[in-house]
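Structural overview
Each chain is listed here by its residues.
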Amino acid sequence: MKKKLISMLLVACLAFGLVGCGGDSDTTTDSGDKTTTSDNQGGSDDSAGGSDSKLIKVGIVNNDPNESGYRTTNVENLKQKFTEANGYDASFAYSKKNDEQITAAKKFINDGVDYLLLSAADKAGWDKVLQDAKTAGTRVILFDRTVDAKEDLYEASIVSDMEKEGQTAVDWLKNQNLDEYNIIHIQGQMGSSAQVGRSAALDKQVKADSKWNIVTQQTADWSAEQAQQIVQSVIDSKKEFNVIYAENDDMANGATKALDKANISYGVGKDVIIMGFDCNKYALRNVFEKKWNYDGQCNPFHADILEEIIQKLEKGEKLEQKVIVMEEKGFDSTNIKEEDIEKYGIGKYGIGK
C-alpha cells in the first residue's frame, strides 16, 4: 500500500512539474486610445539543460502607433529590438493621453520592471511617477520626448532637438525672401515637446518681423483630417495665405487635400509653400518632385541607443552622456537626392505617394 501511495505521489509531482514549464502567453487589451500589450517572456527554461537565463524586464510607454508615420516606425523599431531572443521580457503600453500613460507606467513599476522606457504624451505631470520608479528601483530612460522632471529621476534622455528642428525650418523659410509671410500654422499635440519646439521658433520670428503674419494657428493633433479642415476653413474665410507650416508630414499632407479641392497651386514656384516634419518617404518624394518645399527630419530609430544604455547600466558602467541628441537635417528641392529618400525616409509611401 505504501509503495502504491508513493508511486501515485511521484506521478502527481511529475505532472505538476510539466505544467510549470508551460509556454509563454500574450495578452492584448484595447481601450480607447490606449493599447497595452504584455509579453510574458520571463522565467527559466528547464527543458534546455536546466540553465536559468534571466531576462531583463522592460516596460515601454509610448504614444499611439497610429499617430503618424514617424510613430509607426518608432514602435516597430522598439518591438524588433526588445524581444525574448535579444534577452528582454518586454511589455508595451500606447496612448496619446498623459493620464493613461501615467496609469500604464505605474502598473509597470508595480509589476517590478527593471527599466521603464518613456515617450511622454505631455511634458508635465511625471515627477511623482518617476520618483515612485526610483524608490522601487526601476530605472527610467526617456526617448523621443522630454518631461519636466529633475534629472536625477531618469538615467538618460534620447531626444531630437525640437527647438533646433523648428529653428532650422524657420531659417529656411526666412531665406526664401518673400515680400510677406502669411502663414497657416498647423500645430501638433499641444504640450508635447515636438509641438513646443517646432512652434517656438516660428512664434519668435513672427514677433520679431512685421512681415510675418499668422493667418491661423490651430492644433490638428497630428491628424491629416483635422489639418485639412483647418485649411479648408481658412480658404472659406477668403483670407490670403502663402505658407503652410505643418508640424508633421501627415498634417502637411492633409493640408494639401484642401488646396487640391480649391484648385490652389503649391510647391516650388507655386502659390503656397508647403512645410512638414518627420521625413516620411512620401514626404521626401514630394520634396524631390517639388510638390512640397521643405521637410525637416525627426529620427525615430531609438532602439539601438536604448539597448546600449541598458547594457552599460547592467554592467555597472557610468553613462558618458545624460542627454543624447539625434542627428537630423532639413531637406528642400535644392539639396535632396534620390538616394536620400531611401536613406533617411521612414515608413512606406502610403497616403502621400
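This write-up is about the structure you can find in this document. These numbers come from a predicted model, not from an experiment. (Residues numbered from 1 in each chain as written. Predicted model: local features only at pLDDT ≥ 70, side-chain atom pairs only at ≥ 80, totals over all residues. Heavy atoms only, no water.)

What follows covers the nonpolar core. Of all hydrophobic cores here, the largest spans 36 residues; its most connected members are Ile184, Ile186, Val231, Phe241, Ile244, Leu259 and Ile274. Those elements that place two or more of their residues in this core are strand E8 (181–187), helix H7 (224–237), strand E10 (243–246), helix H8 (249–261), helix H9 (281–288) and helix H11 (338–344). Membership of the second largest hydrophobic core comes to 24 residues, among which are Phe82, Ala303, Ile309 and Ile324. (Core = buried A, V, L, I, M, F, W, Y, C linked by side-chain atoms within 4.5 Å. Buried < 20%, exposed > 50% of the residue type's maximum accessible area, 1.4 Å probe, protein only. Helix = DSSP H or I, 4+ residues; strand = E, 2+ residues; numbered from the N terminus.)

Turning our attention to the packing of helix H3 (residues 98–110) against helix H4 (residues 127–136). In the contact formed by H3 and H4, the axes pass within 10 Å of each other and the chain directions differ by 5 degrees. As summarised for this structure, H3 and H4 are arranged roughly parallel, according to the angle between their axes. Residues Ile102, Ala105, Lys106 and Ile109 of H3 lie in contact with H4, whose contacting residues are Val129, Asp132, Ala133 and Ala136. Residues that form the contact of H3 with H4 fall into these classes: six nonpolar, no polar and two charged. (Axes fitted to C-alpha atoms, helices over the stretch in contact; angles between N-to-C directions. Parallel < 35°, antiparallel > 145°, perpendicular 65-115°, else oblique. Contact = heavy atoms within 4.5 Å. Nonpolar A, V, L, I, M, F, W, Y, C, P; charged D, E, K, R; others polar.)

Right, let's get into the packing of aromatic side chains. The description of an aromatic ring pair rests on the distance of the ring centres and on the angle between the ring planes. One pass over the full model with this rule turns up seven aromatic pairs. Between Tyr181 and Trp212, the aromatic rings sit 4.1 Å apart at their centres with planes inclined by 15 degrees, giving stacked as the arrangement. Note that Tyr181 is positioned in strand E8 and Trp212 in strand E9 (residues 212–219), a separation of 31 residues in sequence. A centroid spacing of 6.3 Å and a plane angle of 90 degrees characterise the contact between Tyr282 and Trp292, whose relative ring orientation is edge-to-face. (Phe/Tyr/Trp six-rings, centres within 6.5 Å; stacked < 30°, edge-to-face > 60°.)

Further remarks concern helix H5 (residues 162–174). The end-to-end C-alpha distance of H5, which contains 13 residues, comes to 18 Å, matching closely the 18 Å that a straight helix rising 1.5 Å per residue would cover. Those residues of H5 that sit buried are Met162, Glu165, Gly166, Ala169, Val170, Trp172 and Leu173. An end-on view of H5 places all buried positions within 155 degrees of arc, on one side of the element. (Expected span 1.5 Å × (residues − 1). Arc of directions from axis to C-beta.)

Let us look at the sheet that holds E9. The mixed open sheet is built from six strands, whose spatial order is E9-E8-E10-E11-E12-E14. Bordering the open sheet on either side are E9 and strand E14 (330–332), each of which pairs with just one other strand. Averaged over all pairs of adjacent strands, the angle between their axes in this sheet comes to 15 degrees, without regard to strand direction. Pairing geometry for strand E12 (residues 294–297) and E14, over three bridges, is antiparallel. The residue of E14 that forms the bridge with Gly296 is Gly330. Contacts from H8 reach E8, E10, strand E11 (273–278) and E12, with the element oriented near 155 degrees to E11. On top of the sheet, H9 reaches E12 and E14; it is set at about 140 degrees to E12, its chief contact. (Pairing = 2+ DSSP bridges.)

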